[in-house]
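# Examination of the molecular architecture
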Amino acid sequence: MSNVMGESNSYRADIQGLRAIAILVVVCYHSGIFFKSGFVGVDVFFAISGYVISSSLIREIENNGRISISQFYARRIRRLLPALAVMLSIVLFASTWLSALSARVQTVRTGMFATFSAANLFLFRFRPDGYFVVGEKTNALLHTWSLSIEEQFYLLFPMVMLVAISLAQKSSVNIRVGIRYVCALLGVISLAICIGASIGRFPEVSGKFSRILGTTSIDARFAFYLPFARAWEFLAGVVLATFSFQSARNIRKSITAYLGLALIIGSALFLHDATSFPGFWALIPIVGALNLLSAGHTNGPVNSLLTSRAMCWIGDRSYGWYLWHWPFIVLGQRIWPNTPFVRELAAISSLLPALLSYQFIESRWRNRGNRPKKDLTSILFLFVLLPLLAGALLFWHANRAQPNNIQ
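The structure displayed is predicted, hence computed values, not measured ones.

Reading the values: the criteria
Residues numbered from 1 in each chain as written. Predicted model: local features only at pLDDT ≥ 70, side-chain atom pairs only at ≥ 80, totals over all residues. Heavy atoms only, no water. Helix = DSSP H or I, 4+ residues; strand = E, 2+ residues; numbered from the N terminus. Buried < 20%, exposed > 50% of the residue type's maximum accessible area, 1.4 Å probe, protein only. Areas by Shrake-Rupley, 256 points an atom, 1.4 Å probe, with all protein chains shown as cover. Core = buried A, V, L, I, M, F, W, Y, C linked by side-chain atoms within 4.5 Å. Contact = heavy atoms within 4.5 Å. Polar contact = N/O pair within 3.5 Å; in protein donor to acceptor, adjacent residues only side chain to side chain. Expected span 1.5 Å × (residues − 1). Axes fitted to C-alpha atoms, helices over the stretch in contact; angles between N-to-C directions. Parallel < 35°, antiparallel > 145°, perpendicular 65-115°, else oblique. Nonpolar A, V, L, I, M, F, W, Y, C, P; charged D, E, K, R; others polar.

### Here's the deal with the overall build of the chain
- Assigned secondary structure in the chain consists of 19 helices and zero strands.
- Counting over 407 residues, the chain shows a buried share of 56%.
- Accessible surface, the chain: about 18000 Å² in total, of which carbon and sulfur atoms supply 64%.

Right, here's the structure in full:
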């Protein structure tokens with residue numbers, strides 16, 4: 001969900017427009033507006049992230065002959081963690097008084113794991129049906145599962161790049177080709193795991209492995225929450241970034257752009273009956289995102305839509321809006337239960353903290369330059385401590401309010 005700016009000096013307005021489409025279908029889905037399968041916006045975000053991050057690293061290796069892992073991590077930490085930590089702290093603090101008592105413990109636990117990029121692992125291990133079960137939708141931090149998957153990808157991806165570059169150099173092939181084949185192979189393995197788990201083709205597990213997973217079944221929940229089964233969505237964007245599409249004719253690009261937009265919007269409308277999501281079904285929005293990314297700067301209505309000022313404005317603020325929209329919806333329904341249009345109004349209202357986050361947190365930290373040691377120290381002491389303290393307050397308040405019913 002992170003912004004393309006800050007990773008590259010090459011600003012592509014069409015990518016920001018694609019981010020705008022992704023966040024709009026997600027917010028509309030959570031608000032109950034129009035898109036019954038808007039959760040596919042997260043898959044689009046994953047493909048964009050893989051494309052943008054790998055494009056930046058490929059340019060770095062081609063320009064400098066190497067990549068700086070410390071600077072990569074510093075850029076990612078500056079881009080993601082400050083805004084996330086502020087949201088976690090405020091939501092955990094507000095949930096102390098505003099959330100339902102039954103939801104407080106799950107909210108604080110999710111928040112604590114999200115602080116350490118592991119919300120998806122917690123939800124899979126202890127609340128595996130959370131995202132799709134109505135009874136779990138009172139968790140104001142339920143949406144952080146996708147942020148944790150993205151952060152886990154960023155943690156491991158530079159290592160994959162180093163391996164791919166090393167193999168390419170030893171084989172005397174172009175670096176882009178080496179990255180393409182290594183990531184394509186890993187992506188196919190990940191996709192096979194995703195599809196196999198989604199349709200229940202894996203045997204049940206037992207022993208230590210089942211105790212670690214908290215289940216004996218490797219099923220659609222496994223495919224939904226765990227990075228092994230989601231990595232292919234990022235890697236699809238990575239593989240695309242190793243190609244160049246400048247030589248394609250405009251008519252071909254226009255057809256590609258129309259098809260990409262149709263696949264994303266169609267999947268956001270009609271995939272709500274896909275009981276084995278992600279599986280095969282996730283290929284639809286991913287292929288749609290890849291089509292739009294490959295179309296690039298193409299004259300035509302689709303490009304005009306993506307590069308419009310309004311869409312770029314939304315895309316630039318998509319990370320903050322994703323952070324804030326779900327807590328606003330959950331807490332808004334808690335404060336005003338059974339009130340018409342409360343979800344819709346809450347989602348729109350969440351644009352305000354998203355604007356503040358973009359203006360005063362994201363932009364300022366992103367433009368601090370390459371100071372990894374200083375930034376890491378500040379973030380570890382400030383932006384990890386804040387949500388931990390807020391979570392401790394919420395957990396204490398929940399235990400004090402009803403100590404015998406905490407599960």
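So that's the structure; there's more coming.
### Considerations on the nonpolar core
- Met-1, Leu-84, Met-87, Phe-157, Tyr-319 and Leu-323 are the most contacted members of the largest nonpolar core, which totals 108 residues.
- Element by element, the count of residues in this core is highest for helix α2 (residues 40-64), at 13 residues.
- Apart from residues no more than four positions distant in its own chain, Leu-84 is found in contact with Ala-114, Leu-147, Glu-151, Tyr-319 and Leu-323.

### Section: the side chain of Thr-115
- Mapped onto the elements, Thr-115 comes out in helix α4 (residues 101-115).
- The exposure class assigned to Thr-115 is buried, which follows from its relative accessible area of 7%.
- A polar contact is formed between the side chain of Thr-115 and the backbone oxygen of Gly-111, at a distance of 2.9 Å.

### With respect to the environment of Ser-56
- Topologically, Ser-56 is positioned in helix α2.
- Spatially, the C-alpha atoms of Ser-56 and Phe-72 are 9.6 Å apart, while their sequence positions differ by 16 residues.

### Comments concerning α2
- Here α2 is 25 residues long and its end C-alpha atoms lie 37 Å apart, about the 36 Å a rise of 1.5 Å per residue gives.
- Just downstream of α2, Gly-65 is the residue with a positive phi angle, here 80 degrees.

### Here we look at the packing of helix α1 (residues 13-31) against helix α15 (residues 318-335)
- Where α1 contacts α15, the two axes come as close as 10 Å, and the packing angle between them is 0 degrees. In terms of their interaxial angle, α1 and α15 are classed as roughly parallel. Only Ser-318, Trp-321, Tyr-322, His-325, Trp-326 and Ile-329 of α15 make contact with α1, whose side of the interface consists of Arg-19, Ile-23, Leu-24, Val-26, Val-27, His-30 and Ser-31.

### Some points on the packing of α1 against helix α14 (residues 309-316)
- Contact geometry for α1 and α14: axes closest at 7 Å, N-to-C directions at 70 degrees. It follows that α1 is roughly perpendicular to α14 by the angle criterion. Across from Ala-13, Gln-16, Gly-17, Arg-19, Ala-20, Ile-21, Ile-23 and Leu-24 in α1, the residues of α14 making contact are Met-311, Cys-312, Ile-314, Gly-315 and Asp-316.
- Partitioned by chemical class, the residues of the contact of α1 with α14 number eight nonpolar, three polar and two charged.

### Quick word on unusual backbone geometry
- Across the junction of Phe-277 and Pro-278, the peptide omega takes the value 10 degrees, indicating a cis bond.
- Structurally, Pro-278 can be placed in the loop between α11 (250-270) and α12 (283-295).
- Look at Phe-34: it is not a glycine, yet its phi comes out positive at around 65 degrees.
- With respect to the helices and strands, Phe-34 occurs in the loop between α1 and α2.
- Using a relative accessible area of 61% as the deciding quantity, one classes Phe-34 as exposed.
- Even without glycine at this site, Phe-341 takes up a positive phi of about 65 degrees.
- With relative accessibility at 60%, the residue Phe-341 sits in the exposed group.

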